[in-house]
Amino acid sequence: MQDAEFSSFSQTSTPVLASRFKRWLASLINSALSWLILVIGFMFGDFIGLLSILLCLGLQGYFIKNYGQTVAKRWLGLRVFDYQTQQPIAFGKYIGREIIDFLFSWTSFLIIISGIVALVRDDRRSLTDLIVGTIVLTDEK
């Protein structure tokens, strides 16, 4: 069951595209938070390191499930919407989007291409957005 705040969200005004800087900052914060949790976890051994991976995934999953945003997007007031319907995306689609971003970041080259795509497009959609069919807007709640 979805949180009422997430499922009842509706756009009442003209959508405002997220700034390129805030999108980049959200990506940076999410990455830094993940690495911080992992490094601290692995400092205490392999078992605690593995638990830290679960903590990191659980934290992001909790925020996506309950708020429809990653930790950083929530902090920065950004929300991911379906490009066609302009409605918040479903949990499963959000997870798929995050997996694609994660895979892109592992290849380095693709995450750079994705960022460049967001920089040059007027609608500021990244390669991930184009693949999944999403757009990042400011959360006007």
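A brief structural summary. (Residues numbered from 1 in each chain as written. Predicted model: local features only at pLDDT ≥ 70, side-chain atom pairs only at ≥ 80, totals over all residues. Heavy atoms only, no water.)

## With respect to the overall build of the chain
Looking only at helices and strands, the chain features seven helices and two strands. The linear arrangement of helices and strands in the chain, starting from the amino end, is α-α-α-α-β-α-α-α-β. For the chain, the C-alpha radius of gyration of 15 Å lies close to 14 Å, the compact-globule estimate for 141 residues. Considering only C-alpha atoms, the chain reaches an extent of 50 × 35 × 20 Å along its principal axes. Counting across all 141 residues of the chain, residues that qualify as buried make up 35%. Expressed as a percentage of contacts within the chain between residues at least 6 apart in sequence, the contacts between residues at least 24 apart total 67%. Both charge centroids of the chain, one from 13 positive and one from 11 negative side chains, sit 3 Å from each other. (Helix = DSSP H or I, 4+ residues; strand = E, 2+ residues; numbered from the N terminus. Rg over C-alpha atoms; globule rule 2.2 N^0.38 Å. Buried < 20%, exposed > 50% of the residue type's maximum accessible area, 1.4 Å probe, protein only. Contact = heavy atoms within 4.5 Å. Lys, Arg positive; Asp, Glu negative; His and termini not counted. Charge placed at Lys NZ, Arg CZ, Asp CG, Glu CD.)

## Thoughts on the nonpolar core
Counting residues in hydrophobic clusters, the biggest one holds 10 residues: Ala18, Ala26, Ile64, Ala72, Leu76, Leu78, Val80, Ile89, Tyr94 and Val136. Counting residues per element, the ones that place at least two in this core are helix H4 (71-76) and strand E1 (78-82). Residue contacts for Leu76: discarding those within four places in its chain leaves Lys22, Leu25, Ala26 and Ile29. The next biggest cluster of nonpolar side chains, apart from the first, holds six residues, and it includes Leu33, Ile37, Cys56 and Tyr67. (Core = buried A, V, L, I, M, F, W, Y, C linked by side-chain atoms within 4.5 Å.)

## Structural notes on the side chain of Asn30
Within the element layout of this structure, Asn30 appears in helix H2 (residues 20-43). A polar contact is formed between the side chain of Asn30 and the side chain of Thr70, at a distance of 2.9 Å. (Polar contact = N/O pair within 3.5 Å; in protein donor to acceptor, adjacent residues only side chain to side chain.)

## Examining unusual backbone geometry
The phi angle of most residues is negative, glycine excepted, and most peptide bonds adopt the trans form. Positive phi is not limited to glycine here, since Gln86 has a value of about 60°. For Gln86, the position within the fold is in the loop between E1 and helix H5 (91-107). Gln86 gets classed as partly exposed once you look at its relative accessible area, which sits at 25%. Despite not being glycine, Ser108 has its phi angle at roughly 55°, a positive value. For Ser108, the position within the fold is in the loop between H5 and helix H6 (109-120).

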